[in-house]
Amino acid sequence: MNANLNQPVMVDVAEPKAVSGQVPVWLFLLGFVLLFWGMYYFDQRSGWFKTEVYSPYISVADLQRFQPPTGGVDLGRGRAIYENVCALCHNPDGAGKPNQAPPLAGSEWATGSPARMLRIPLAGLTGPIDVKGQQWNLAMPAMGAQMSDEDLAATLSYIRLSWGNKASEITPEMVKAIRAQVGNRSQPFTGPELLSIPEK
Amino acid sequence: MNYGPLIFLAAFFALASSWFGVVLTPQLNVGQLQQTNTLNGALYPVARPGTAQQGLQVYRANGCAQCHSQQIGQSGTVFDVLLANAGTNRAALSEALQKVKPTLSAADADQLLSRIPVEVARFTRREEADAAVKTLSVGGAKAQFLVCPVGPDITRGWGKRRNVAEDYLFDSPTLLGSVRIGPDLANVGVRQPDINWHLRHLYAPKSEVKGSTMPSYPYLFEKRKAGRQPSSEALALTSELAAEKGWEIVPTPEGKALVAYLVSLRSDAPLFISPISLASAAPAEVGTNASAANASAATNAPASK
Amino acid sequence: MSATESPIPSSSVGSSPGCGALSSGIDSSSRLPLLILFGAGAFWLVVSSLLGLISSIKFHSPNFLAEPAWLTYGRVRPAFADSLLYGFCLQVALAAGLWLAARLGRTVIKPLPIIAGAKLLNIGVVLGVLGILSGDASGFDTLNFPRYAAAFIFGGYFLIGVPAVLMFHRRAVRTLYVSQWFLLAALFWFPWIYSTANLLVVAFPLRGVAQPIIAWWYAANFQFVWMGLVGLAITFYLVPKVTGRELVSQNLALFAFWTLILFGSWTGIPRSAPVPAYLPSISTVATVLTTLVFVSVALVIWKTVDGKIGLLWDSLSLRFVTVGLVCFLTAGLMNIADSVAAFGAITNFTWFTIAQTQLLSYGFFSMTLFGAMYFITPQIVGRELPFPKWAGVHFWMATLGILFGLAPLALGGIVQGRNLLNAEVAFVDVAKSTLMFLRVSTLGDVLILVGHGLLFVNLLVLGLRLVRITCQAFLAEAISEAQPAGVKS
């Protein structure tokens, strides 16, 4: 079995030759079958070289059907923003966190006058304030000052419609109007100041 | 006839064809991409801040891509119908709800209505979702559908939608990674935005993730004498890992840059080519029927090979 | 002193005295450059498998050698992979290819440019490995050497490749044997893919995701097409030569050649890549079409030995080539299975893909090169290796090493993939489920390292003996010339 291993190296063989035989026909047939499948696969999956088409979408027309609807208040977006921005202090279920933020679920401020509620994220809130019968004395930064009108409207609408809250939506136009009224104010609002603003 | 040159040319073209197809063509379309707009009109992507760009070089130099990938996949997209407002006619809405989801009993439908806003149904085709929204809009009720990408990576919480070429436009080098010995990092800045968590994780991975097989990177940190008060950069470590009294562990500039880069990694912006409604990735909360169980099966791609 | 006047007895008596003398002339002209390339290759083999063992231990014991920056896993692993590819595979492939081309074309190798090229290549690999360990890696698999190292490697390749092409031009036997087709294509293809990839990805990077696209293209063309071309050249030479039969058939082998270069070069883009859909789908189609390559290669070998597989086991070099062939076919099967939607979704991003590329570059290509080394070296030096029994041990170490090293990775990859798809399994548990497989694969890596050590020592001792004999002969000549005229020995 290991014969060649121990034989002296002096033996040399002539260089190998190749017979010229036929390539079996079935190999070509296999090739054609695979090519046919390949063309079908490419037609289905490739998006035909369009740079915009990524799987699982199959064409630009297909992509159009998956575009989210525009216009109106996007509550899904509102929820996403709430969970990314507000929930850190107010808790994802709106229950608030002691020493961090008062609850929003069932809060009279969240379900009450939009004019008062909008001012809080636009300029911040500081000092003692009564929420659901408890006094809270913390400071909230102006979390909504940098948000777009649509985003802030969506987030506040989400708050006003979640966890049992049943209040009206806030529209981007309302945000715009209140934002104009608040102006460049850098001083956060206080509880009594908010109460002095008319409800409507 | 001398076939030599002919054969040489044929072999040359056979090999060169791939250069044309896989090198030149992508360079002409993908390599010329510019910033695009998100569905909200914002410019995308925005270049990373300076420290994050340095962090990318630290990421490259330490071979992080040998274990971590940065590409979220997606197996399909579905439409979640969200009932936002109950309107005035609760009975009619409950009926409409049962029409949209025939498997729902009257009791379950009422229970759903009490949890508004809530996702009520999931469809794979746009027409079905449109029809459901129309059906549910009775008596002033407000319904809309959300576009939700689905897939194993998304269910795992690694991302919200698939990655596309625009996500990497300003990254050089673009290190997509090819193995997942560690979790995917494409969206880690959203998942874990806490810089200190990342610093502690790099210093001692097991302290943040029990059972982690990631090696520690002590050379990204240095031990130095603490001042009268520990500096703001000092890591808050448990007693067995912390330095002895009077000393503190602080990150080197490379460590800080790497963490800045990690925290800047996000790919959840809604784009035309990778649409998403930015609803959270949580599956639909439907009464008793767990329609979300079939999330990954609900694809709209043509039948697999 | 010209190489042909070496005191070492010239090898080979061919079927005719002229053929034998020419063969010996070819063998002796190629002795020095080939030994240098083989020896340096064996050295890098040991270095790379040492680095590979270190990284393999780090899989399951992450705090092993975690302190120094240059030994962190993310640097050791690419250093291991690229030193294997460029330190061993590239050098020894060029050496074996040169010898093959010289023998088949009945031309003599001019040693000087080859030796210079070997020096540049090795400098490049040293710079590359040190560069990676010091943090200069480019970040792309198989392309990790920094640009300065790549420049040296390219220069070294040029100094070896150009004489090789000129040798083809000068060949005495005008008809081409099949292996020469493969070798010629490989000689031209490497500089193209290497320069494109290094220019567009490492030196002057393109924008965004175009970089990984080209990196994937290069990896597939280097590890599948180029290694396939050179490996098959060696296989189609050694199998008929050692078994004493004729290759059946030329047309079938050329069918393999055409399908390899036409379809193989389009593979490489993974299905899940964040690139427009046409790229992964083209790659998938091309991968499925490479079935033709594997079928035709298997058919050629089968028909050449006329179904008597036992013939492939008779000689040591042929055993290496046979194991290499089996690994080639297995790696091909794994690749094609990967492109099937259901299976590919499981194995994506897992150890399975790593096992598949390792099977190609180590299981197939390196084993084939070992077979070539063990065949060529005794011929060019005209004597057996210093420790001939070690070659057999090396064979078993390598084969068992591949079995224990790569099979667990493949299986572990499937387990890992299934867990990854199931979102209920926490990621930490996914990683835990692969640990046992990784521990077994470390065992395989130990065996591989031992085998490489044996080869390296064999070649080292051979080299030292040759140096000693050469010095002795030189001294003897000098002494005899120094003796007074009348006293002749």
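Residues numbered from 1 in each chain as written. Chains lettered and ligands numbered in written order. Predicted model: local features only at pLDDT ≥ 70, side-chain atom pairs only at ≥ 80, totals over all residues.

Check the secondary structure of chain A and you find nine helices and four strands. Counting from the amino terminus, helix and strand elements in chain A follow one another as α-β-α-α-α-α-α-β-β-α-α-β-α. For 200 residues, the compact-globule estimate of 2.2 N^0.38 gives 16 Å, and the C-alpha radius of gyration of chain A, at 34 Å, exceeds that figure by more than 25%. The buried share among the 200 residues of chain A stands at 33%. The long-range share in chain A, meaning contacts at least 24 apart out of those at least 6 apart in sequence, stands at 57%. (Helix = DSSP H or I, 4+ residues; strand = E, 2+ residues; numbered from the N terminus. Rg over C-alpha atoms; globule rule 2.2 N^0.38 Å. Buried ≥ 20, exposed ≤ 12 C-beta atoms within 10 Å, placed from the backbone. Contact = placed C-beta atoms within 7 Å.)

Frequently, the measure chosen for interface size is the accessible area that the parts lose on association. Across the contact, 57 residues belong to chain C and 57 residues belong to chain B. Here the element with the most residues in the side of chain C that touches chain B is helix α6 (residues 210-243) of chain C; it accounts for six residues.

Attention now moves to the interface of chain B and chain A. Each side of the interface is counted separately: chain B has 33 residues, and chain A has 22 residues. With five residues, strand β3 (residues 76-85) of chain B is the largest single contributor of residues to the side of chain B that touches chain A. For the side of chain B that touches chain A, a count of residues per class yields 18 nonpolar, 12 polar and three charged. (Nonpolar A, V, L, I, M, F, W, Y, C, P; charged D, E, K, R; others polar.)

So, about the sheet that holds strand β3 (residues 134-140) of chain A. All names here are of chain A. Pairing within the open sheet is mixed, and its three strands lie in the order β3-β2-β4. Since the sheet does not close on itself, it has two edges, and those belong to β3 and β4 (189-190), each with one partner. Examined bridge by bridge, strand β2 (residues 125-131) and β3 share seven bridges and lie antiparallel to one another. The partner of L125 across the bridge, within β3, is M140. (Pairing = 2+ DSSP bridges.)

One key point about sheets: their strands pair by backbone hydrogen bonds, in either a parallel or an antiparallel sense. Residue and element names in this part refer to chain B. Overall, antiparallel pairing links the three strands, which are arranged β4-β3-β5 in an open sheet. The open sheet has two free edges, formed respectively by β4 (118-123) and β5 (142-150), since each of these has just one partner strand. Each strand axis lies, on average, 30 degrees off the axis of its neighbour in the sheet, ignoring direction. Relative to β5, β3 runs antiparallel, the two being bridged by nine bridges. Within the sheet, the bridge partner assigned to G76 lies in β5 and is V150. (Axes fitted to C-alpha atoms, helices over the stretch in contact; angles between N-to-C directions.)

Another point: the domain arrangement of chain A. Structurally, chain A comprises domain 1 (25-65) and domain 2 (75-195). Distance from the C-alpha centre of domain 1 of chain A to the C-alpha centre of domain 2 of chain A: 51 Å. (Domains from an automatic or database assignment.)

A word on the confidence of the model for chain A. Looking at chain A as a whole, the pLDDT averages 83, with 91% of positions reaching at least 70. Across residues 1-12 of chain A, where pLDDT falls below 50, the model places 19 contacts with residues more than four positions away in sequence or in other chains. (pLDDT = per-residue confidence, 0-100.)

All names here are of chain C. Helix α5 (residues 178-203) packs onto helix α4 (residues 147-169) with a crossing angle of 160 degrees between their chain directions and a minimal axis gap of 10 Å. Viewed along their axes, α4 and α5 adopt a mutual orientation that is roughly antiparallel. Relative to α5, the crossing made by α4 is left-handed. Residues R147, A150, F154, Y157, G161, A164, V165 and F168 of α4 form the contact with α5, whose participating residues are L184, L187, F190, P191, Y194, S195, N198, V202 and A203. In terms of residue class, the contact of α4 with α5 is built from 13 nonpolar, three polar and one charged. (Parallel < 35°, antiparallel > 145°, perpendicular 65-115°, else oblique. Left-handed = near helix turned anticlockwise from the far one by under 90°.)

With that settled, the discussion passes to helix α10 (residues 253-263) of chain B. The element α10 of chain B is extensively covered by neighbouring structure, given that 10 of its 11 residues are classed as buried. Against the buried residues of α10 of chain B lie α2 (50-61), α7 (188-191), α8 (195-203), β6 (221-225) and β7 (247-251) of chain B.

Residue and element names in this part refer to chain A. Across the junction of S55 and P56, the peptide omega takes the value 10 degrees, indicating a cis bond. A positive phi angle is found at F49, which is not glycine, with a value near 65 degrees. Structurally, F49 can be placed in the loop between α2 (25-45) and α3 (60-65). Residue class for F49 comes out partly exposed when judged on the 14 C-beta atoms lying within 10 Å of it. In this structure, N99 takes a positive phi of about 65 degrees despite not being glycine.

Residues and elements named next belong to chain C. Membership of the largest hydrophobic core comes to 285 residues, with the highest contact counts inside it found for F182 and I213. Element by element, the count of residues in this core is highest for α6, at 24 residues. Setting aside its immediate chain neighbours within four residues, F182 contacts L229, V230, L232, A233 and F257. (Core = buried A, V, L, I, M, F, W, Y, C linked by C-beta atoms within 7 Å.)

Residues and elements named next belong to chain C. Scored by pLDDT, chain C comes out at a mean of 90, with 94% of its residues at no less than 70. Contacts from residues 1-18, a stretch scored under 50 in pLDDT, to residues over four places away or in other chains number 39 contacts. Across the interfaces of the predicted complex, the ipTM metric reaches 0.89, alongside a pTM of 0.83.

Residue and element names in this part refer to chain B. At a closest axis distance of 10 Å, the pairing of α8 and α10 adopts a crossing angle of 125 degrees. Taken together, the axis directions place α8 and α10 in an arrangement best described as oblique. Classified by chirality, the crossing of α10 by α8 is right-handed. Side by side, α8 and α10 meet where I195, H198, L199 and L202 of the first sit next to G255, V259, L262 and V263 of the second. Here the residues of the contact of α8 with α10 sort into six nonpolar, two polar and no charged.

The buried fraction of β5 of chain B amounts to nine of the nine residues, a majority that puts the element mostly inside the structure. In β5 of chain B, alternate side chains face the same way, and those of K142, Q144, L146, C148 and V150 of chain B on one face and A143, F145, V147 and P149 of chain B on the other are all buried.

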